[in-house]
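The primary structure of each chain is shown beneath.
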Amino acid sequence: MRSPIRAAVVGYGLGGRTFHAPFLAANPDFSVRAVVTSDPDRADAARSDHPGVTVVPDLATLLRGADDLDLVVVSTPPPGHAEQASAALEAGLHVVVDKPLTVTAQDARELVELATRVGRSLTPFQNRRWDGDFLTLRRLAAEGALGQVRRWESRFETWRPSESKAWKAAGPATGAGVLYDLGSHLIDQALQLLGPAKVLHAELLRQREGEGADDDVFVALQHEGGAVSHLWMSRVAAQLGPRFRVLGSAAGFTSSGLDPQEEQLREGRRPGDPGFGERSPGDVGLLGITGDEERVAIEPGDYAAFYRGVAATVHDGAAPVVDPLDSVAVVELIEQLHREFPVRRPASATSADR
């Protein structure tokens, strides 16, 4: 039996504690050896969640013991991704980086080049490629059930009229805002389903009080194959639209609601628990033409597939389960969107603030 991959998680907020550590702990190919956090409460949580884990206050302290590690997972606010991932790679470790890979495309390209130079893997954490509805959509498209996809409408919307995390309300130069946050998922899914794309139009709005990052965004992309993607991402949606609405030459597909894995993880359920990743039996998609539609079961979501892929990379030398160049393309589009469509306040909101 091969030795488990010795992993450290940098940052133990929502990302590190909820989206990374549980999947590492549930997979026998990994061992959670260390957590980096300077927050006493998060340190206590790490020790409770993973008895025997070493908790250190900063990355420099962790990397002094790099010989006792194989993998570092960076799950901190975006401004630190490039520097932290670079330090881990230069220490000879494989690296997973939460989305967005970096704040700038230049940093992303340099990070990919560094990983190649030092001979270690760099894997962006695009876990929503394994949302159940996206897995279902990709299967239907591959089977030809939709014909040629002409338009994909995708929404990731929530209702959060105020932002509790200060860094998320900062300007886009810090990687804050809904386009960097939720848009990293939606754009990645669009490129995976429909191929390379260019920007057609966008609306980057700040609907909430005060100055800060975008919280309500619409993006239209033109894909090389001819299809268009219409992507909505919002923190201020009082009513939610369909998650997916896909229109093809032969049929359409509509699904609603977010993949259940995030909520299940927040509730304390873990990968491998009965029913993890599964939707309720009545929560289905619709496939066909209006008036002639069939109900389609949504496949179970499988975020654990990401770390199965990471294990194959570290142990067997397989290609990264998420190509880092895919994430470079995502960051390039986000940078272009911010450059060509600066964040603005709606006219009515601006007038009301006076």
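These figures come from a predicted structure and were not determined experimentally.

Chemist: What is the right way to look at the packing of helix α4 (residues 81-90) against helix α5 (residues 105-118) in this model?
Modeler: Packing of α4 against α5 brings their axes to within 10 Å, and their N-to-C directions diverge by 5°. The angle between α4 and α5 falls in the class roughly parallel. Contacts from Ala82, Ala85, Ser86, Leu89 and Glu90 in α4 reach Asp107, Leu111, Leu114, Ala115 and Val118 in α5. The residue inventory of the contact of α4 with α5, partitioned by class, reads seven nonpolar, one polar and two charged.

Chemist: Please explain unusual backbone geometry as it appears in this structure.
Modeler: Excluding glycine, most residues fall at negative phi; most peptide bonds, likewise, are trans. For the bond running from Lys99 to Pro100, omega is -10°, close enough to zero to count as cis. Along the chain, Pro100 turns up in the loop between β5 (94-98) and α5.

Chemist: Could you clarify how one ought to interpret the packing of aromatic side chains in this entry?
Modeler: Centre distance and the angle of the planes are the two values used to describe a pair of aromatic rings. Summed over the entire model, instances satisfying the criterion amount to 10 aromatic pairs. Between Phe30 and Tyr307 the ring centres are 5.6 Å apart and the planes differ by 80°, which places this aromatic pair in the edge-to-face class. Here the residue Phe30 occupies a position in strand β2 (residues 30-36), and Tyr307 occupies one in helix α9 (residues 304-316), the gap between them amounting to 277 residues. An aromatic cluster is defined as three or more aromatic residues linked by ring pairs; in this entry it consists of Phe30, Phe125, Trp130, Phe306 and Tyr307. For the cation-ring pair, Arg155 lies above Trp232, with the distance from its terminal atom to the ring centre recorded as 4.0 Å.

Chemist: Mind showing me how you'd approach the nonpolar core here?
Modeler: Nonpolar side chains in soluble globular proteins tend to be buried together. The biggest cluster of nonpolar side chains holds 39 residues, and the ones touching the most others in it are Trp152, Leu179, Ile187, Val219, Met233 and Phe253. For this core, the elements supplying multiple residues, two or more each, are α6 (132-143), β7 (149-157), α7 (178-194), β8 (197-205), β9 (216-223), β10 (228-234), β11 (244-248) and α10 (324-340). Sort the elements by how many residues they give to this core and α7 lands first, with 10 residues. Setting aside its immediate chain neighbours within four residues, Ile187 contacts Leu179, Leu231, Val330, Leu333, Ile334 and Leu337.

Chemist: It is not clear to me how the pattern of salt bridges should be interpreted in this structure. Could you clarify?
Modeler: The final tally for this structure, using the stated rule, is 23 salt bridges. Across the salt bridge formed by Asp181 and Lys99, the nearest N and O atoms sit 2.3 Å from each other. Of this pair, Asp181 sits in helix α7 while Lys99 is found in the loop between β5 and α5, placing the two residues 82 residues apart along the sequence. Note on accessibility: Asp181 and Lys99 belong to one class, buried. Of the charged contacts in the structure, one is a salt bridge between Arg128 and Asp131, with a shortest N-O distance of 3.2 Å. When sorted by exposure, Arg128 lands in the same class as Asp131, which is buried.

Chemist: In this structure, what is going on with the pairing of β7? I would like to understand it.
Modeler: Where burial is concerned, most of β7 is hidden: seven out of the nine residues are buried. Pairing of β7 with β11 involves five bridges; the strand directions are antiparallel. Within β11, the position partnered with Trp152 by the bridge is Val246. Alignment of β7 against β10, held across seven bridges, turns out to be parallel. Opposite Ser154, over in β10, you have Leu231 as the bridge partner.

Chemist: I'm lost on the sheet that holds β5 in this one. Help?
Modeler: Sheet strands line up and pair through hydrogen bonds in the backbone, either parallel or antiparallel. Pairing within the open sheet is parallel, and its six strands lie in the order β3-β2-β1-β4-β5-β6. Every other strand in the sheet has two partners, leaving β3 (54-56) and β6 (122-125) as the edge strands with one partner each. Shown here is a sheet whose adjacent strand axes are inclined to one another by a mean of 25°, direction ignored. The pairing of β5 with β6 spans four bridges and is parallel.

Chemist: Whenever I open this one, the side chain of Asp98 confuses me. Can you help?
Modeler: In this structure, Asp98 sits in strand β5. Although Asp98 is buried, it makes no salt bridge; Lys99 carries the closest opposite charge, 5.7 Å away. Those residues in contact with Asp98 that lie beyond four places of it in its chain are Gly15, His20, Val74, Ser75, His81 and Phe125.

Chemist: Would you take a moment to explain α7 for this structure?
Modeler: The α-helix winds at 3.6 residues per turn, so residues separated by three or four positions along the chain end up facing the same way. Taking 1.5 Å per residue as the helical rise, α7 with its 17 residues ought to reach 24 Å, and the 22 Å between its terminal C-alpha atoms agrees with that figure. Across the 17 residues of α7, 16 count as buried, placing the element largely inside the fold. After α7 finishes, the residue Gly195 shows a positive phi value of roughly 90°.

Chemist: I would appreciate a short explanation of the layout of surface pockets in the present structure.
Modeler: Rolled over the atoms, a probe sized like a water molecule indicates the empty space that remains. Of the volumes computed, that of the second largest pocket is approximately 160 Å³. Around the second largest pocket sit His94, Val112, Ala115, Thr116, Gly119, Arg120, Ser121, Leu122, Thr313, Pro320 and Pro324, which together line it. Counting residues per element, the lining of the second largest pocket draws most heavily on α5, at three residues. Counted by class, the lining of the second largest pocket contains five nonpolar, five polar and one charged residues.

Chemist: Sorry, what's going on with the sheet that holds strand β13 (residues 284-289) here?
Modeler: Judged by pairing direction, the sheet is mixed, and its eight strands sit side by side in the order β8-β9-β10-β7-β11-β12-β13-β14 without closing on themselves. Two strands close off the open sheet at either side, each with one partner strand: β8 and β14 (292-297). This sheet shows a mean twist of 15° between the axes of neighbouring strands, independent of strand direction.

Rules behind the numbers
Residues numbered from 1 in each chain as written. Predicted model: local features only at pLDDT ≥ 70, side-chain atom pairs only at ≥ 80, totals over all residues. Heavy atoms only, no water. Axes fitted to C-alpha atoms, helices over the stretch in contact; angles between N-to-C directions. Helix = DSSP H or I, 4+ residues; strand = E, 2+ residues; numbered from the N terminus. Parallel < 35°, antiparallel > 145°, perpendicular 65-115°, else oblique. Contact = heavy atoms within 4.5 Å. Nonpolar A, V, L, I, M, F, W, Y, C, P; charged D, E, K, R; others polar. Phe/Tyr/Trp six-rings, centres within 6.5 Å; stacked < 30°, edge-to-face > 60°. Lys NZ or Arg CZ within 6 Å of the ring centre and 35° of its normal. Core = buried A, V, L, I, M, F, W, Y, C linked by side-chain atoms within 4.5 Å. Buried < 20%, exposed > 50% of the residue type's maximum accessible area, 1.4 Å probe, protein only. Salt bridge = Lys/Arg side-chain N within 4 Å of Asp/Glu carboxyl O. Pairing = 2+ DSSP bridges. Lys, Arg positive; Asp, Glu negative; His and termini not counted. Expected span 1.5 Å × (residues − 1). 1 Å grid on protein atoms, 1.4 Å probe; cavity = no way out; pocket = protein on both sides within 12 Å on 5 of 7 lines; lining within 4 Å. Points joined across faces, edges and corners; volume = space filled by probe spheres on them.

By themselves, these figures tell us nothing about what the structure is for.
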